[in-house]
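What the coordinates show
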Amino acid sequence: MLPAGAGPGLCRLCAYLEELEAAELKRFKLHVGTAAGPGGAGIPWGRMETAGALEMAQLLVARLGPRQAWLLALGVFERIHRRDLWERGQREDADRGTPPGGPSSPESQSACLPEVCPGAPGPGDPPPDPLDTYRAHVRRTFRLMRDRNARPGESVNLGRRFTRLQLAQGCAGPRGGAARVETLFEADEERPEPPRTVVLQGAAGMGKTMLARKVVLDWADGRLFPGRFDVALYLDCRELSRGPAERSARDLLSGCWPGPGAPPPALLRNPARVLLVLDGLDELRASLSFAGAPGPCCLGWDELRPTGLLLSSLLAKQLLPEASLLVTTRPCALERLQGLLQQPRHAEILGFSEAERERYFHRFFGQPQQAARALSFVRDSEPLFSLCFVPLLCWVVCTCLRQRLEAGELLGPPARTTTAVYTLYLLSLLQPRPGTPTLQGAPNHRSLCSLAAEGLWQQKALFEERDLRRHGLDGADVSAFLNVSVFQKDIGCERLYSFIHLSFQEFFAAMHYSLAGGDGGAGGDGALGPRPEVAELLAKYALSDRSFLALTVRFLFGLLNAETRSYLERALRWAVEPGLEAQLLGWIRGLAHSEGCTLQRGSLELLGCLYETQEPGFIRQALRPFQVVVVSDISTKMEHMACAYCAQSCESAAVLHLSGAPTACREEVQEEEEEREEEQEEDGVETSRTQMLAGQPPESDLLPDAYSEHLAAALCSHRELVELGLRRSALGAHGVRVLCQGLRHPRCQLQNLRLKRCLVPSSACRDLAAALVANAHLLRLDLSGNGLGAAGAALLCAGLRHPRCRLQTLQLRKCALEVEACREIAEVLGVSTHLLELDLTGNALGDAGLRLLCQGLGRADCRLQTLWLKICHLTAAACRDLASALSVNLSLTELDLGLNDLGDPGVLCLCEGLKEPQCGLQTLRLGICRLGPAACAALSCVLQAGRLGELDLSFNDLGDAGAALLGEGLRHPASRLRKLWLDSCSLTAGACEDLYHVLGSSPALTELYLTNNALGDLGVRLLCRRLRQASCRLRVLWLFGMELSKSTHRRLAALRAGKPSLDLGC
């Protein structure tokens, strides 16, 4: 039994405990359980372990009384690093002038959860701090949230439900490194000044709004941006859309402030310490005015202006220019921001990692056994678990599973696509279940779908009653959909309605375009024809991932799935248009006709749409016109899965390239993973570290097994496929093993395999070696960017030495190879009669490793023609071994030694081998090798030998003296040099005099590259004079990166016009 008078103290303590996240509450219990002495609680752990915030507060107050319980809690708050709660509690005690935990004002008793309102000031008391009042208001407003299907009065704690989201820097093209909310407004190496505007973009259901609300809540709790912002104001664009058409800046901010009036002027006197969170810009109905467009500039504080102009002024820094903005939006609205924002920082929400998906399940279900069962079911279906990276889909899946678990039903079969997940959720809502509302009669679903489609085109998410009536939705229909949580009344206005999430509106819009009986569909005689409104939808969409129609079109494709159609027709009697499949197929064929046989533009979007169908026959017909399929910037495992699934049906493709998007650097990822592991351990989520041993990538980094299985199936069945390129596709050892099963299949005709940066471990080289032996068609293999090491090289070379191996080109760039690997490779060079090209760029071979390689190069059976050794940590000492090998090697024709510290002594030594009659080298690259004029003198002698055809000396400090020495060799009658690179070689106008004579007398030079040299107007004009002469054979001259006068540019333009065959770059 609780002590007398414990009510106010209990409410206060409970409110504070409600602010703790699950991990923090667990730590709180541990500290309470270990508290010793008179202040200890002495509560059995068995009672505390499963207690929530309210029950924990009751246990403490019942055992210690309200005052001692409060004192104990304050001390624990400080020990678990929630000093914000400790400071607030101390401040409240001082303001109230009452003993901690003692009786408080009557107002506090009525505000038990989720936030204790400060008591009214007594006579003579100072007025409450407006900022403290506002923080309390934010905590009351944002602490609890309603689930989309919650019954009246039901809510969940945002802090407990919220799960960390992955963020990446950038918004388009290759992404940057990982981003963190805590550092979004901090300066970095690229941006010395902190950004004033941050744009967080994310696809539908990625958790943008929840993240925005959590930012404001964490600020109020003192956990986020401490000392950076004095006030954080939350502006909901959906809310703004339903307000008055015009308002003042004061009105705009008043909506964020508790009670009447705007924030006190004192809080806005320093706008640099104000954060405005503008949530859901894509849902704003008002148009944004471009900052540069004619019209009034919105600067008046009390002047009424259109809402769009007000927000444009905020975004363009015309209103509160020093304030910071955090904007959340879908990608489709980014174009609306172009021209408004000033040097914004962009970040993208990537959804849940695998660890965070598990964490979300545990937080959603609460009960460990139920969460484990649901998680096990989802884990067994790789596509479904991959789909759960989208927070909204994760919520939908958890909601459906909890419904089935509570009803005692079997969990299955799992959904594989986004459309299937939404369909199953819809069925779970509309089909009557025990204890749930039952639909009386069939609601007017066609009108609801029509309403959704109209809102989609108008980009409208809130609907008035007249909108509903216009689409034929009467009161009974609205009530039916409200009862099953498909539709909802707006919280702030009972006469406005919306779908439970914008993505559900898009799902119903897709249903509108797919339902049988639409315009242009089946006629009275059963004839089928294309529906004009579907054609308009597809034409507007145009395979753009930033289109506001993108998700609707994906749903439209997903509704072609036979199983989904069967569910809808059997359970809800919603029939899908029979002619829809033919119309979508015709649209894709039209794209093929305009794009040709290469699918590249919009390829990721198209394959995502096709994956939604889960119909191999349809996908096969859709992709049949394409012979080359190139997909780039694949950012999620679900996208990788979709691409691989569709690859099975690319039966006409000869070339297939799948490239993942660049990810954050490993150090950043590892730092975040360590923090998340600590959180998981606190939450009771088990983690395994066994995959981290021996440099193996963690299991969570790898793609599902099905990815490799789909690609292996394509290798087995598609005889046309001759080139497969994978980049940043995390295969791991098992993935490579499965892929190699396809490579060894008798029907596999693959000739070129690229696995660049695919997390291929050394152990996987055993399977690759077996594939090289079994597949006589395989001629090229690229394993660059994988940490193979010496162990991997040894396994791979065992296959390369086999007589049946026919590999001609091997690329091992940046594969962590060192001296020991060179021993294995040298043996291959000495016995392989097929290997012609070898790329070892970016491996720390050193001089000792090169010495071993040269032993293989010097063997009589060596047939190698091209060798890349860039960035291999070579010095002048290595050139002695190379010179010796070149003097006896008859096959090597191309050698790249760029970015090695050879220096003039090294090149002098190398040239001794190049001058030998046996040497057949034709191309030599020595860029960034610390060369000077002395090296040019030796190379000039080599040019006179008449064998070298291409020479690259870029980024060496040769100077005019070096150019003069090279000119002697170039003018020699025996010189056969065709291409010469002298970019960034410290040349001036003086070098042009020698080049002038070279261009007039060189018997072979046709390409000359002089980019980033200070030749000046005089030097360039001298070259132009020579180029105008008919005797000059030069066909390519590049002069980029030079400061030239307008007069010189006119001469160059005249030269280009008078000699169209000349490639003149400037």
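Structure: see above.
Keep in mind that what you see is a predicted model, and the values were worked out from it rather than measured.

Looking at the overall build of the protein
- Broken down by element type, the protein carries 45 helices and 30 strands.
- When burial is assessed residue by residue, the protein has 55% of its 1066 residues classed as buried.
- Taking contacts inside the protein between residues at least 6 apart in sequence as the whole, the part at least 24 apart equals 80%.

So, the packing of helix H41 (residues 933-943) against helix H42 (residues 959-970)
- Direction vectors running N to C along H41 and H42 enclose 5 degrees, while the axes themselves pass 8 Å from each other. With respect to each other, H41 and H42 are oriented roughly parallel. Taking contact as the criterion, the partners of Pro-933, Cys-936, Ala-937, Leu-939, Ser-940 and Leu-943 in H41 are, on H42, Ala-961, Gly-962, Leu-965, Leu-966, Glu-968, Gly-969 and Leu-970.
- Considering only residue class, the contact of H41 with H42 consists of nine nonpolar, three polar and one charged.

Observations regarding the side chain of Lys-29
- Among the secondary structure elements, Lys-29 is positioned in helix H2 (residues 22-34).
- There is no salt bridge for the buried Lys-29, and the closest opposite charge comes from Glu-55, which lies 7.8 Å off by N-O distance.
- A polar contact of 3.0 Å, which involves the side chain of Lys-29, links it to the backbone oxygen of Met-48.

Let's talk about the sheet that holds strand S10 (residues 324-329)
- Across the sheet, seven strands lie side by side as S4-S3-S11-S5-S10-S8-S6; this open sheet has mixed pairing. Edge positions in the open sheet fall to strand S4 (178-179) and strand S6 (231-236), since each of these has one partner strand only.
- Taken together, the four bridges between strand S3 (residues 166-169) and strand S11 (residues 345-351) define a ladder with antiparallel strand orientation. Within S11, the residue paired with Gln-169 across the bridge is Ala-347.
- The strands touched by helix H10 (residues 208-220) within the sheet are S3, strand S5 (197-201), S6, strand S8 (274-279), S10 and S11, with S6 carrying the most contacts at an inclination of about 155 degrees.

Some thoughts on a nonpolar patch on the surface
- A cluster of nonpolar side chains, Ile-871, Leu-899, Ile-928 and Phe-955, forms an exposed patch at the surface whose accessible area comes to about 340 Å².
- Among the secondary structure elements, Leu-899 is positioned in the loop between strand S24 (894-896) and helix H40 (903-914).

Comments concerning the packing of aromatic side chains
- Applying the stated criterion across every chain yields a total of 31 aromatic pairs.
- Summarising the aromatic geometry, the rings of Phe-557 and Trp-587 are spaced 6.3 Å apart at their centres and angled 55 degrees between planes, so their arrangement reads as tilted. Here Phe-557, found in helix H26 (residues 550-558), pairs with Trp-587, found in helix H28 (residues 580-595); they are 30 residues apart in sequence, far enough to count as distant. As far as the burial class goes, Phe-557 and Trp-587 line up, both buried.

As for the pairing of S3
- As judged from the two bridges shared by S3 and S4, these two strands associate in the antiparallel manner. Across the sheet, Leu-167 pairs through a bridge with Ala-179, a residue of S4.

Basis of the calculations
- Numbering of residues starts from 1 in every chain and runs along the sequence as written.
- Selection of residues for local features in this predicted model requires a pLDDT of at least 70, selection of side-chain atom pairs for listing and counting requires 80 or more, and totals for whole chains, interfaces and linings are taken over all residues.
- Hydrogens and waters are ignored; side-chain quantities use all the structure's heavy atoms.
- Helix numbers and strand numbers start at the N terminus; a helix is a DSSP run of H or I with at least 4 residues, a strand a run of E with at least 2.
- In this scheme, a residue with accessible area under 20% of its type's maximum is buried, one over 50% is exposed, and one in between is partly exposed, where area comes from a 1.4 Å probe on protein chains only.
- Every residue pair with non-hydrogen atoms within 4.5 Å of one another is taken to be in contact.
- Angles run from 0 to 180 degrees between N-to-C directions of axes, and those axes are lines fitted to C-alpha atoms, restricted for helices to the stretch in contact.
- Between 65 and 115 degrees an angle is taken as roughly perpendicular, under 35 as roughly parallel, over 145 as roughly antiparallel, and anywhere else as oblique.
- Residues are grouped as follows: Ala, Val, Leu, Ile, Met, Phe, Trp, Tyr, Cys and Pro are nonpolar; Asp, Glu, Lys and Arg are charged; every other residue, Gly included, is polar.
- Charge counting treats Lys and Arg as positive and Asp and Glu as negative, with His and both chain ends excluded.
- What counts as a salt bridge is simple: a side-chain nitrogen of Lys or Arg found within 4 Å of a carboxyl oxygen of Asp or Glu.
- In protein, a polar contact requires one atom able to donate a hydrogen and another able to accept it; more generally it is a pair of N or O atoms within 3.5 Å, and residues adjacent in sequence count only if both atoms are side-chain atoms.
- For two strands to be treated as a pair, DSSP must find no fewer than two bridges joining them.
- Patch members must show over 30% relative accessible area and no salt bridge, and they are joined within 9 Å when carrying like charges or within 5 Å when they are nonpolar side chains of Val, Leu, Ile, Met, Phe, Trp or Tyr.
- A 1.4 Å probe and the Shrake-Rupley method give the accessible areas. Residues count as covered only by the protein chains that appear here.
- Whether two aromatic rings pair depends on their centres lying within 6.5 Å, for rings of Phe, Tyr and Trp, where Trp uses its six-membered ring; planes under 30 degrees apart make the pair stacked, over 60 edge-to-face, and the rest tilted.

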